[in-house]
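# Structural features, examined
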Amino acid sequence: MVDAGGIGAGASGRNGGFLFRQPAGWINELLEESAAVYSELQEEGPVPFDFRPWPMLLLAVEEPELEHARAYAGAVGGEEVDLREDPWFADDLAGGFVVEGGYTLDSMGATTAMAEAARRAGVAFMLRCEAKRILLDGDRVSGLATDEGIVPCGRIVVAAGPRVRFLLRTVGTDLPVASSRGWLLETGHVDPPPQYAIEQALWPEQEELGKLTAAPSLGEVAVGEDEPGLVSLLLGGRPAGHCLIGTSLRRSLIEESETPETVRRLAERAVRVAPHLERVPVVAAWSGRRAMTPDGLPVVGPVPGVDGLDVAGGFSSIGMVTIPAACQRLARGETAQFDPSRFS
């Protein structure tokens, strides 16, 4: 396992940890398979990560969001609730729907638990060591060039998030995996805590995400128009009593954080939904990059034309929901639905 950072240094350890049902059936299938993996991992220990069932509140903040919220809720079995009876929320929200069948976990804990399970299974970790180039003998994988030297091997799985595209280019393959950036805020203690993980109905469905984050053209970059990006509230409590507040979506070309004004927009949205949060301290804010494909589906499976080379990437904002199941399917050779060759 070669990683340029530490365990959980990227999106895997720095996300909200809220796993929701969605209108796309394939996501819900993977969610249930992933939930079984998390449940088994937590039972085995020794790293706890607070995995548990948790309901989602699908929230329409303003009236124009209500139609989409109703359609979304209808697709996942959501039940409408009267938020005017709940003092946690503003009394003028357009509507809300409770969706069962979701989960919550501590993302850094879950990622660390996965790493510990891998170590116990015999995996060696090369951390803070960057993969530079995939090496071939003809059309077959023969090794990996890294900061610490060449690692001879006959099979490589590229799971490098936003850098998937660039590592695959070293063997002449160009998968259209683009990057988007999302922000999260972490608060101080919130009392009382929210009883749901709250998702605003503005967030696009999966097939729309890829279209919104496609790589810009040279002409678009030359014009230099700054796009505002999308802010759609995601808010949930954590066991220590604080809340995580997201989320946002904007095309991203650089690894350094862009658009810090998104922090203000997220705070504004949270206070609009729950005015009593106005005096809650914000203790941290950070952003991360998501890997996206044009059709919103991951790319999982053999890379065409190179024997022994697989990819697992393009999971966008549903990585914690889908990656454990998708990678189990990869190990079983059952990834036709996400075949990278669809972009050949």
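Residues numbered from 1 in each chain as written. Predicted model: local features only at pLDDT ≥ 70, side-chain atom pairs only at ≥ 80, totals over all residues. Heavy atoms only, no water.

### Re helix α3 (residues 107-120)
- Compared with an ideal rise of 1.5 Å per residue, which puts 14 residues at 20 Å, α3 spans 20 Å between its outermost C-alpha atoms and is within 8% of the ideal.
- Looking at α3, one finds that the buried residues are S107, G109, A110, T111, A113 and A115.
- Taken together, the buried residues of α3 touch α1 (25-44) and α8 (319-332).
- One or two positions beyond α3, positive phi appears at G122, with a value near 105 degrees. (Helix = DSSP H or I, 4+ residues; strand = E, 2+ residues; numbered from the N terminus. Expected span 1.5 Å × (residues − 1). Buried < 20%, exposed > 50% of the residue type's maximum accessible area, 1.4 Å probe, protein only. Contact = heavy atoms within 4.5 Å.)

### Here we look at the sheet that holds strand β18 (residues 299-302)
- What the three strands build is an open sheet, ordered β12-β19-β18; its pairing is mixed. Looking at the sheet topology across the chains shown, the edges are occupied by β12 (156-158) and β18. Averaged over all adjacent pairs, the angle separating strand axes in this sheet is 20 degrees, with direction ignored.
- Where β18 lies against strand β19 (residues 309-313), four bridges are found, and the strand directions are antiparallel. Note on β19: the bridge partner recorded for G301 is V311. (Pairing = 2+ DSSP bridges. Axes fitted to C-alpha atoms, helices over the stretch in contact; angles between N-to-C directions.)

### Overview of a nonpolar patch on the surface
- Together, V221, L253 and I254 give the surface a local cluster of nonpolar side chains, amounting to about 280 Å² of exposed area.
- Mapped onto the elements, L253 comes out in the loop between β16 (242-251) and α7 (261-273).
- Its relative accessible area of 59% is what places L253 among the exposed residues. (Patch = residues over 30% accessible without salt bridge, like charges linked within 9 Å, V, L, I, M, F, W, Y side chains within 5 Å. Areas by Shrake-Rupley, 256 points an atom, 1.4 Å probe, with all protein chains shown as cover. Salt bridge = Lys/Arg side-chain N within 4 Å of Asp/Glu carboxyl O.)

### As for empty space enclosed by the protein
- Enumeration over the complete set of coordinates arrives at two cavities of 30 Å³ or more.
- Estimates place the volume of the largest cavity at around 70 Å³.
- Taken together, Q22, P23, A24, Y72, E199, W203, P204, E205 and Q206 make up the full set of residues lining the largest cavity.
- Taken together, the residues that form the lining of the largest cavity break down as five nonpolar, two polar and two charged.
- A volume near 40 Å³ is recorded for the second largest cavity. (1 Å grid on protein atoms, 1.4 Å probe; cavity = no way out; pocket = protein on both sides within 12 Å on 5 of 7 lines; lining within 4 Å. Points joined across faces, edges and corners; volume = space filled by probe spheres on them. Nonpolar A, V, L, I, M, F, W, Y, C, P; charged D, E, K, R; others polar.)

### Focus: the nonpolar core
- Within the largest apolar cluster, 26 residues are counted, with the highest numbers of intra-cluster contacts made by L19, W26, Y38, F49, F51 and L105.
- Elements with a contribution of two residues or more to this core: α1, α3 and α8.
- Examining the composition of this core, we find that seven residues originate from one element, α1, more than from any other.
- Those residues in contact with F49 that lie beyond four places of it in its chain are Y38, L41, Q42, L105, D106, G109, A110 and A113. (Core = buried A, V, L, I, M, F, W, Y, C linked by side-chain atoms within 4.5 Å.)

### With respect to the packing of α1 against α8
- Taken N-terminus to C-terminus, the directions of α1 and α8 make an angle of 85 degrees; their axes are 7 Å apart at the nearest point. In this view, α1 runs roughly perpendicular relative to α8, as classed from their interaxial angle. Where α1 approaches α8, its residues I27, E29, L30, L31, E33, S34, V37 and Y38 are matched on the opposing element by M320, V321, T322, I323, P324, A325, A326, Q328, R329 and R332.
- Among the residues making up the contact of α1 with α8, the classes are represented as 11 nonpolar, three polar and four charged. (Parallel < 35°, antiparallel > 145°, perpendicular 65-115°, else oblique.)

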